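Report on the structure
Read off the chains here:
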Amino acid sequence: MKRSANIFLLSLPSLLWLLIFYALPVFIVFLFAFRTSDAYGGIGDKWTLDTVRNLFSPGFSAVIWRTVWLGVVSTALSIVIAVPIAYHLAKMSPKLRNIVLMLIIVPFWTNFLIRIFAWKVFLNPEGILRRTLVLIGLIPEETMLLYNQWAVLAVMVYTYLPYAILPIYAAAEKFDFALLDAAKDLGASSFQGFRKVFLPSISKSIWVAVMVVLIPALGAYLIPDLVGGPTSEMMGDRIAQSVFTERNLPRASALSALLMITVFLPLLLMTALKWIFGKDDEEEESRTMGARS
Amino acid sequence: MSDSILQFQNITKRFGSQTVLDNVSLDVGAGEIFSLLGPSGCGKTTLLRICGGFESPDNGRVILDGKDITSLPPNKRAIRTVFQNYALFPHMTVWDNVAFGLKIAGADKETITREAGKYIELVQLTGHEKKKPGQLSGGQRQRVAIARALVNKPKILLLDEPLAALDLKLRQRMLIELDTIHDEVGITFLFVTHDQQEAMSISDHIAVMHNGSVEQVGNPVELYEAPKNSFIAAFIGDTNFFDGIVESVDGEYCTVAIKDFPSLKVYNDKKLKKGDKVNLSIRPEKFSISSTEPRITDAHTNLLRGKVEEVIYLGAHTRYWVRVQDWRISVIKQHFSYALDEKNIRWDDEVWLRFEGDNAYMLERYTQEDENLLALPDI
Ligand SMILES: Nc1ncnc2c1ncn2[C@@H]1O[C@H](COP(=O)(O)OP(=O)(O)OP(=O)(O)O)[C@@H](O)[C@H]1O
Ligand SMILES: [Mg+2]
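Residues numbered from 1 in each chain as written. Chains lettered and ligands numbered in written order. Predicted model: local features only at pLDDT ≥ 70, side-chain atom pairs only at ≥ 80, totals over all residues. Heavy atoms only, no water.

Re the site of ligand 1
All names here are of chain B. Selection rule: We call a residue near a molecule or strand as soon as one heavy atom of that residue lies within 4 Å of the molecule or strand. Polar contacts, as used here, are pairs of N or O atoms within 3.5 Å; protein pairs need one atom able to donate a hydrogen and one able to accept it. Residues neighboring in sequence count only if both atoms are side-chain atoms. What sets the accessible areas is the Shrake-Rupley method with a 1.4 Å probe; for residues, cover comes only from the shown protein chains. Counting from the N terminus, the helices are DSSP H or I runs at least four residues long and the strands are E runs at least two residues long.
In the region of ligand 1, the neighbouring residues are Phe15, Gln18, Val20, Ser40, Gly41, Cys42, Gly43, Lys44, Thr45, Thr46 and Glu161. Taking Ser40, its side chain carries an N or O atom lying 2.5 Å from an oxygen atom of ligand 1. With respect to ligand 1, the side chain of Glu161 contributes an N or O atom lying 3.3 Å from an oxygen atom. A total of 640 Å² of accessible area belongs to ligand 1 in isolation, and the protein chains cover 61% of it. The set of elements that each furnish at least two residues to the shell around ligand 1 consists of strand 2 (18-29) and helix 1 (44-52). Tallying contributions element by element places helix 1 first for the shell around ligand 1, with three residues.

And the structure:
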């Protein structure tokens, strides 16, 4: 009893922090979705359900769908690219590894907007990439590389890839590569060893990477705004529009709430699935920990 | 030697400028326990990794069952390894670890259930199938590693210091169990160790390695009684070394003059001539120690007088250090009779040492370098 009281006291500051700076604002956002807006772009003083009712304007389901697929596909691509990179990083000599890690991290020191504008230059119709591709006949003359969903996808993967690499690399670095020798010794090909021994050993970090990438990817708005065309709007764009152009805060709040629900639903689902199927696993692990300590 | 199943032919391996294996050739007989024995860093693991396919030799060939496997990858060799740290898959249960090789080989469900079950039983882990490696003791982990390696019925099982991580009692028990398992499966074991007792007690043949070369191959008795050189004589068991010159030859025997020591009459194993240099090894148990003058029955019996400098009582036997002129001789006395009834030899006693000329052994060479190397502790 006393112990749990102590734990409560110790965690009080962080609990308060979470409450004030996280739970409360989220609650306010949900609340604003049900208020009227006033003439000056602020929050009115009446309750209404109209905002929520009118949320599904024509074309809105396409935006939701696009947000989900761009988010999911960019996450999947980031993971698929990050896993082999993390694998090779972990196997590299420390000297080379530091250089490569630097190369991954250095772009962060440049402003995000500038990096996106670099992409705009790179994918520009008059840019070197498009002209080279046309010249060697890989793409027809009229193909545009910029201002479409593919440009959005490419820049999203570019942006979120480091966030996927770092947690997976952290796990891969702790992986005992002698286990791959053991797998080979038992008859497994390199690929079988990778799939049956390496991947399961770092699976937790892959889930972490999924979370770390999927959540900001679903909320992206600068990227579709800058490199996407009129047909690559995402939820984030709609929210920004409601705030800055329409000056309709209740609508922005309702959209944000919807986005949050979209993010949390798969999260909840995944946690539930893990809880149902992975129960034995966790139990055993805690027993192991107990035995060790 | 029985039919050979594995041959190393002139294996040479360099790491950078360091030659780790220098022209190593070995013949391993089918079904035997063959040990690679040598001090730390002599290249045992490297030779094993070449056998498993994890390193490729700069020169030479590995022949398994008559076929050259030198360039085959590890997963294409009918060879399995018990790694030094076991390398069990931590995310898999005992069962899945053992079944891994069968699943990879594409065995059907029935075979997997039967075979994995059989080998788990063989290593006495029935009931632990659902545990993960993290929940097992060191000895149990090692059994999993053995079962996992045996399940595909390899032609050779490689074991890299499999007992090094276990404590002394468990080590002795596992050694017996390894022997039992070997008898049961009939697979050739190639066993790496730097512990001479381990090698002596389990092996059919031992190759003693030193600085990347094989010094001598033989069965345990040959290695102990007829070591080729001082390195082996000192590495396997204890011994007394004597440096001398042949004084006179008398038929099959000769007399060896040793500086500051009585001359010794020994069997002239190497057919040396008068004036030849000779290095003798006399094992401590070959001396018999007594406080009264023993009767000499044989013309080739040597008798030495000395003074006891140290006594270490060890139950079954006692070790004495006896000073004879300028030399300290190590002597072991077995207690055949009830030791309390005997008149004990004590520190500072004047004693007689007797040994038969047949029980000394002439070594090929004896260099200061060898002795220095032996003086270094194992790392
Ligand atoms: N991958 C490698 N790169 C460079 N040098 C190596 C490598 N592997 C082994 N060596 C060197 O080769 C020598 C022999 O190593 P090896 O591991 O075969 O010794 P060992 O006989 O197994 O010793 P121990 O009893 O300590 O295990 C050592 O000097 C070691 O430093
Ligand atoms: Mg070794």
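Side note on the confidence of the model for chain B
Rules: pLDDT measures the predictor's confidence residue by residue and takes values from 0 up to 100.
Of the residues in chain B, 96% have a pLDDT of 70 or more, and the chain-wide mean is 90. In the predicted complex, the global pTM is 0.80; the interface-specific ipTM is 0.80.

Side note on the sheet that holds strand 16 (residues 301-313) of chain B
Residue and element names in this part refer to chain B. We count it as follows: A pair of strands counts as paired when DSSP detects no fewer than two bridges linking them. The angle between two axes is taken between their N-to-C directions and runs from 0 to 180 degrees, where each axis is a line fitted to C-alpha atoms and a helix contributes only its stretch in contact.
The strand order 15-19-16-17-18 describes an open sheet built from five strands, whose pairing is antiparallel. The sheet is open, and its two edges are formed by strand 15 (288-290) and strand 18 (327-334), each paired on a single side. Each strand axis lies, on average, 40 degrees off the axis of its neighbour in the sheet, ignoring direction. Relative to strand 19 (residues 350-356), strand 16 runs antiparallel, the two being bridged by seven bridges. Its bridge partner lying in strand 19, Asn302 is registered against Phe355.

A word on the environment of Leu175 of chain B
All names here are of chain B. To be explicit about the condition: For this analysis, residues touch if any pair of their heavy atoms sits within 4.5 Å.
With respect to the helices and strands, Leu175 occurs in helix 5 (residues 168-185). For Leu175 and Pro162, which are 13 residues apart along the polypeptide, the C-alpha to C-alpha distance reads 9.4 Å. Setting aside residues up to four positions removed in sequence, Leu175 forms contacts with Leu163, Phe191, Glu198, Ser201 and Ile202.

Considering the pattern of salt bridges
Counted only if it meets this: Any carboxyl oxygen of Asp or Glu within 4 Å of a side-chain nitrogen of Lys or Arg constitutes a salt bridge here. Burial status follows relative accessibility: with a 1.4 Å probe on protein chains alone, a residue under 20% of its type maximum counts as buried, one over 50% as exposed, and anything between as partly exposed.
One pass over the structure, following the stated rule, counts 26 salt bridges over all chains. Of the charged contacts in the structure, one is a salt bridge between Arg323 of chain B and Glu309 of chain B, with a shortest N-O distance of 2.7 Å. A residue pair is termed long-range when its members are at least 10 positions apart, and Arg323 of chain B in strand 17 (residues 317-324) and Glu309 of chain B in strand 16 qualify at 14 residues. Here Arg323 of chain B falls in the partly exposed class, since its relative accessible area comes to 29%. The salt bridge involving Glu310 of chain B is made with Arg328 of chain B; its shortest N-O contact spans 3.5 Å. A residue pair is termed long-range when its members are at least 10 positions apart, and Glu310 of chain B in strand 16 and Arg328 of chain B in strand 18 qualify at 18 residues. Residue class for Glu310 of chain B comes out partly exposed when judged on its relative accessible area of 35%. On the basis of relative accessibility, which here comes to 35%, the residue Arg328 of chain B falls in the partly exposed class. Each of Asp181 of chain A together with Lys13, Arg49 and Glu55 of chain B takes part in one network of salt bridges that share partners.

Regarding the sheet that holds strand 1 (residues 4-15) of chain B
All names here are of chain B. Spatial strand order, 2-1-4-5: four strands in an open sheet with antiparallel pairing. A single partner strand is all that each edge strand has here, and the edge strands are strand 2 and strand 5 (67-68). Running at roughly 120 degrees to strand 1, helix 1 makes contact with strand 1, strand 2 and strand 4 (59-64) of the sheet.

Notes on the interface of chain B and chain A
Here is the rule: Accessible area that two parts lose when put together, with a 1.4 Å probe and added across both, is what the buried area reports.
At the junction of the two partners, chain B supplies 25 residues and chain A supplies 22 residues. Buried area between chain B and chain A, both sides added, is near 2000 Å², and the carbon and sulfur share of it is 59%. Across the chain B-chain A interface, the total number found is one salt bridge. Of the charged contacts, one joins Asp181 of chain A and Arg49 of chain B as a salt bridge, the two residues approaching to 3.6 Å between their closest N and O atoms.

Examining the side chain of Glu32 of chain B
Residues and elements named next belong to chain B. For clarity, the cut-off: Charge assignment in this entry is limited to Lys and Arg as positive and Asp and Glu as negative, and neither His nor the chain termini are counted.
Turning to its location among the elements, Glu32 is positioned in the loop between strand 2 and strand 3 (33-37). Salt bridges are absent for the buried Glu32, whose nearest opposite-charge side chain, Lys155, sits at 16 Å. Engagement of the side chain of Glu32 in a polar contact is seen with the side chain of His205, the distance being 2.6 Å.

Comments concerning helix 13 (residues 249-277) of chain A
Owing to its 3.6 residues per turn, the α-helix aligns residues three or four sequence positions apart on the same side. Residues and elements named next belong to chain A. What counts, and what does not: Multiplying 1.5 Å by the residue count of a helix minus one yields the expected span of that helix.
Taking 1.5 Å per residue, 29 residues should reach 42 Å; helix 13 reaches 42 Å between its end C-alpha atoms and fits that length. Inspection of helix 13 places Pro250, Arg251, Ala252, Ser253, Ala254, Leu255, Ser256, Ala257, Leu259 and Val263 among the buried residues, and these make up the whole buried set. The backbone nitrogen of Arg251 has a side-chain oxygen 3.2 Å away, supplied by the residue at the start of helix 13, namely Asn248.

Concerning the side chain of Glu177 of chain B
Take Glu177 of chain B: it is sitting in helix 5. Not counting residues within four places of it along the chain, the set of residues in contact with Glu177 of chain B comprises Gln124 and Arg143 of chain B.

Details of the confidence of the model for chain A
Residue and element names in this part refer to chain A. For chain A, the average pLDDT comes to 85, and 94% of its residues sit at 70 or higher. Within chain A, the lowest mean pLDDT, 42, falls on helix 14 (residues 279-292), and the highest, 95, falls on helix 8 (residues 178-185). Residue range residues 280-293 is modelled with pLDDT below 50. Its contacts to residues more than four positions away, or to other chains, number nine contacts.

Considering the domain arrangement of chain B
All names here are of chain B. Filter applied, for reference: Domain borders in the structure are assigned automatically or taken from a domain database.
Domain boundaries assigned for chain B yield domain 1 (4-230) and domain 2 (231-373). The centre of domain 1, based on its C-alpha atoms, is set 38 Å off from the matching centre of domain 2. Where domain 1 abuts domain 2, roughly 1800 Å² becomes buried across the two surfaces, and 61% of that area is made up of carbon and sulfur atoms. On the domain 1 side of the contact with domain 2, Tyr224, Asn229 and Ser230 bury the most area, a combined 38% of that side's loss. Counting across the domain 1 and domain 2 interface gives one salt bridge. Here Glu225 ties to Lys286 by a salt bridge, and the two come within 3.1 Å at their closest N and O atoms. Inspection of the domain 1/domain 2 interface yields ten residue pairs in polar contact (both at pLDDT 80 or more). Contributing elements (two or more residues each) for the side of domain 1 that touches domain 2: helix 6 (196-202), strand 9 (205-210), strand 10 (213-218) and helix 7 (220-225).

Re the packing of aromatic side chains
To be explicit about the condition: Centre distance within 6.5 Å is the pairing criterion for rings of Phe, Tyr and Trp, where only the six-membered ring of Trp is used; planes under 30 degrees apart are then read as stacked, over 60 as edge-to-face, and the remainder as tilted. In this analysis the charged atom, NZ for Lys or CZ for Arg, is taken to sit over a ring once it is within 6 Å of the ring centre and within 35 degrees of the ring normal.
Taken as a whole, this structure holds 22 aromatic pairs over all chains when the rule is applied. Taking 5.7 Å as the distance between ring centres and 65 degrees as the angle between the ring planes, the aromatic pair formed by Tyr87 of chain A and Phe177 of chain A counts as edge-to-face. With a gap of 90 residues between them, Tyr87 of chain A in helix 3 (residues 60-91) and Phe177 of chain A in the loop between helix 7 (149-174) and helix 8 connect regions that are remote in the sequence. An angle of 90 degrees between the planes, with centres 5.0 Å apart, marks the rings of Phe175 of chain A and Phe198 of chain A as edge-to-face. Residue Phe175 of chain A is found in the loop between helix 7 and helix 8, and its partner Phe198 of chain A is found in helix 9 (residues 190-201); the two are separated by 23 residues along the sequence. Judged on exposure class, the residue Phe175 of chain A and its partner Phe198 of chain A are both buried. Among the aromatic residues, those joined into a ring-pair cluster are Tyr87, Phe175, Phe177, Phe194 and Phe198 of chain A. The residue whose ring lies beneath Arg148 of chain B is Phe89 of chain B, and the NZ or CZ to ring-centre distance is 4.7 Å.

With respect to helix 5 of chain B
All names here are of chain B. Over its 18 residues, helix 5 runs 26 Å from end to end, which matches the ideal 26 Å to within 8%, given 1.5 Å per residue. Those residues of helix 5 that fall on the buried side of the exposure criterion are Met174, Leu175, Glu177, Leu178, Ile181 and His182. Contact partners of the buried residues in helix 5: strand 3, helix 3 (109-122), helix 4 (138-150), strand 7 (156-160), strand 8 (188-193) and helix 6. One or two steps after helix 5, the chain reaches Gly186, where phi turns positive at roughly 65 degrees.

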